[in-house]
Amino acid sequence: MKQRPLFKLIALVVVLLVVGLAPLPRRKVQVRVGSKAFTESVILGEMLRLLARDAGIETAHYRSLGGTPVVFRALTTGEIDAYPEYTGTIVKEIFDGEDLPDAEAIRAALKRHDVGMSKPLGFKNNYAMVMTSKRAKELGITRLSDLKRFPELRFAFNHEFLDRGDGWPGLKKHYDLPQRDVSGIDHDLAYQRLLAGEIDMLDGYSTDAMIERGNLRVLEDDLSFFPDYDAVWLYRLDLKSRYPEFLAALTGIEGTINEETMRSLNEVVESRDQNEAQAAADFLGEQSGHKVAAAATSSYGMILRHVAEHLNLVRQSLLPAIVVGAAIGIACQRWPRPGKFVLAGVGLLQTIPSLALLVLLMPVVAALGYRSVGEGSMTAVVALFCYCLLPIVSNTFTGIHGIQRGTIESATVLGLGPASRLAEIELPIALPTMLAGIRTAGVQNVGFATLGAIIGAGGLGQPILRGIRLDDFKLILAGAIPAALLALALQLSIDLFERLVVPRGLKRQPAARD
Amino acid sequence: MLEFRRVSKSFHGSTVVHSLDLTIDDGEILVLLGPSGCGKTTILRMVAGLIWPTTGEVVFDGTPLGEETIGAVRRKLGYVIQEGGLFPHLTGVQNVTLMARHEGWTPAQIKSRLDELLEMTQFPTEGLDRYPNELSGGQRQRLSLMRALFLRPSLLLMDEPLGALDPLIRAGLQRDLKEVFARTGATVLMVTHDLVEAGRFADRVCVIQSGRIVQQGPFHEIMDEPANDFVSEFVNSQVVAT
């Protein structure tokens, strides 16, 4: 009874940890499929999902997981079971440096990772160097070797292409190209800049819907630099024993998608006539002769679901960060010498770019046995947790450090032990400062949590990413506005909490006179 | 009885208190008098266990002070500092009764002790529900005094308790403090640089210069027969200024 404040503090810590770490009931998923962050991959991923679903298997599709390394690693670690890939990418990127002359060699290499490859789906999605027809005509360019004569041309390539051996560095060498004005840009934004005349050439794919829509010209690869990029399914070999019916459905549509079909599927999605699920469902319906329904969700329901996912990310990262951050802050104040280094370390954590942190954390999270990508993955949670730490740690430190020496010493001489002093004197006095740190961390967290979508962790970042990919402003707002409102709501609740719990004595007031 | 046995204290190699030998009898009011930086506060802080002697020992009622014994000793200490050291997040009554609640006193015991102290310290009852920042400087010191006295300490440590107050308030509080000392009968170790205060309270005054006692005795002796130039200069500077 006499130690009540200390018990209250311990109870608070327990509540924060339990509420923060409690797992939510999750739909039981049997098969997980993935896709990369571009329209075609997402449509093909939706096909995988629908095929599995129609085989009676509970399926989740982790859309737009990221680039090749991320998605392929997710496949090899068993976090996803299948995704669409291209033979050229397998040869040039996944097994870069190995000599894989034919499909059999590729299969053998994949087998080492317990991964299988389907027969080609029927279309190639080769790299396409794209200019506007007008500009190409003006300069008289039809082939890649023509580019050599125009060193002043401005190129913009997506970041992956810019760095990959089978991308710009290889192309530049192969054709001995002189251009220096080469920048990195997101694939989805590149076409807009090309049409606006801000750049002269970009790297597209031969099935890009924009090629027809924008009256663009694909330059001929006359010195044959690019390999063929036949679309295939990559899947885990254990599917044979786990879900043979899914594997059968998946191989059942081999050879059925030709280039024209794929281009028009891309077109209906990018022109926003249909979403990816609907486009995939229509195609499968035509193929099989019976109607395939894409589970339609209202946009209202979609936003609600993303808000719930978003709150879940914030909950799992912010609440434990409050406990851990406060504990670190207290420890740094108690032991200032090592504390200095810890404070610097926490500050350093904050400076790691968010994308880099996500990618760095993925293998760590996977190694610890947690899901690193997709819904319910710990990667986004851990990254958000790291970003929450700095404001909470440093404000706890500052809050306690700033208490007048006489106050602390009075408590000591009165006879309060270290634990009681912390619970009854130091933390309550530091509370307003700590709350300011928690508010900063929380508001930042709601913003950062949109990045969770990059690794398929869901949240309001998903409509934003999709909106960017499809150049759909409404979709971007559908993610951005609720995210902003959430941040505001969080800030207001912390303000209200502060009003309720911070005693008058800690608020600025004119002192009474004698 | 409080004893200092050859107590020295150094910080970073410079010695602030030099081999102090001093005994304070039960019920005695001893004032450490000297200019700022002379080491008088350091002496007081060693009794409170906030710092420890570099050599020598402080003994209270036969117990040498140390990490293991200080907890028990602190229950018999009352500690008042210049700015009061009140807890800003607690109301007046919460500040005063904090330790009694920790010690498991009943509400009735707390109430009766509180009434006693309100009367003794002349603290206004309505101030009990105010926070320290809503009280005047004088009220804060009275509250701080109540807090220090609540568990009936046998030794009061006072570090310039009136130092931050303006003269009129100070005079009133001096009068009341004198009364409080008389009624509690506690041993008092007070630190001040103020001659008037020393004269008002002290049974015995120790004048401290650079960490050494240069003169000790009743107040009038210090005034009438300064032991050296330092004491005489220190005394005269304040007599002229007042």
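First things first, this report covers the structure right here in the doc. On a predicted model such as this, the values are computed, not experimentally measured, just so you know. Position labels on residues start from 1 in each chain and follow its written sequence. Labels are handed out in written order, letters beginning with A for the chains and numbers beginning with 1 for the ligands. In view of the model being predicted, local features appear only for residues whose pLDDT reaches at least 70, and side-chain atom pairs are presented and counted only at 80 or more, with totals across whole chains, interfaces and linings using the full set of residues. Heavy atoms throughout the structure, all of them, feed into the side-chain values; hydrogens and water do not.

All names here are of chain A. Exposure above 30% relative accessible area and the absence of a salt bridge qualify a residue for a patch, where like charges join within 9 Å and nonpolar side chains (Val, Leu, Ile, Met, Phe, Trp, Tyr) within 5 Å. Each accessible area is a Shrake-Rupley result for a 1.4 Å probe, and residues are judged covered by the shown protein chains and nothing else. Salt bridges, as used here, are contacts in which a Lys or Arg side-chain nitrogen is within 4 Å of a carboxyl oxygen on Asp or Glu. On the surface, a cluster of nonpolar side chains totalling about 600 Å² of accessible area is made up of F473, L477, I481, L485, L488 and L492. With respect to the element layout, F473 can be found in helix α22 (residues 473-501). When accessible area is computed with a 1.4 Å probe and restricted to protein chains, residues below 20% of their type maximum are described as buried, those above 50% as exposed, and intermediate ones as partly exposed. In this structure F473 comes out as exposed when scored by relative accessible area, which is 59%. The way it works is that DSSP assigns letters per residue, a run of H or I at least four long becomes a helix, a run of E at least two long becomes a strand, and they are numbered from the N terminus.

On to the interface of chain B and chain A. Two residues form a contact once any of their heavy atoms are found within 4.5 Å. Each partner contributes to the interface: chain B provides 28 residues, whereas chain A provides 29 residues. Note on terms: buried area is the combined drop in 1.4 Å-probe accessible area of two parts once they are placed together, counting the loss on both. Summed over both sides, the interface between chain B and chain A buries roughly 2,500 Å², with carbon and sulfur atoms accounting for 60% of that surface. Taken as a group, H89(B), H102(B) and N133(B) account for 26% of the area that chain B buries against chain A, more than any other trio of residues on that side. The interface formed by chain B and chain A contains 2 salt bridges. R45(B) is the partner of E409(A) in a salt bridge, and the nearest nitrogen-oxygen pair spans 2.6 Å. In protein, a polar contact means a hydrogen-donor-capable atom and an acceptor-capable atom, both N or O and within 3.5 Å, with residues adjacent in sequence counting only if both atoms are side-chain atoms; elsewhere, any N or O pair within 3.5 Å suffices. Summed over the shared surface of chain B and chain A, the number is 7 residue pairs in polar contact (both at pLDDT 80 or more). At the level of secondary structure, the elements contributing two or more residues to the side of chain B that touches chain A comprise α1 (40-48), β6 (77-81), α3 (92-102) and α5 (137-149) of chain B. Each residue is assigned to one class: nonpolar for Ala, Val, Leu, Ile, Met, Phe, Trp, Tyr, Cys and Pro, charged for Asp, Glu, Lys and Arg, and polar for all the others, Gly among them. Looking at the side of chain B that touches chain A residue by residue, the classes come out as 13 nonpolar, 9 polar and 6 charged.

All names here are of chain B. Read across the sheet, 6 strands follow the order β6-β7-β8-β3-β9-β10 without closing on themselves; strand pairing throughout is mixed. Unpaired on one side and paired on the other, β6 and β10 (212-217) mark the two borders of the sheet. Taking each pair of neighbouring strands and ignoring which way they run, the sheet shows an average axis angle of 15°. Strand pairing requires that DSSP identify at least two bridges connecting the strands. Relative to strand β8 (residues 187-192), strand β3 (residues 29-33) runs parallel, the two being bridged by 5 bridges. Interaxial angles span 0 to 180 degrees and are taken between N-to-C directions of axes, which are lines fitted to C-alpha atoms, for helices over the stretch in contact.

Moving on to the state of the cysteines. The definition used for a disulfide is geometric: two cysteine sulfur atoms within 2.5 Å. Scanning the model with the defined rule gives 0 disulfides over all chains in all. Unpaired in terms of disulfides, C388(A) finds its nearest cysteine sulfur in C386(A), a separation of 9.3 Å. Judged by relative accessible area, which is 1%, C388(A) ranks as buried. For the unlinked cysteine C38(B), the closest cysteine sulfur is that of C206(B), found at 11 Å. By relative accessible area, C38(B) is classed as buried at 3%.

Residues and elements named next belong to chain A. Within the secondary structure, E498 is located in helix α22. With 67 residues separating them in the primary sequence, E498 and L431 have C-alpha atoms 8.7 Å apart. Other than its neighbours up to four places away in sequence, E498 contacts P432, L435 and R439.

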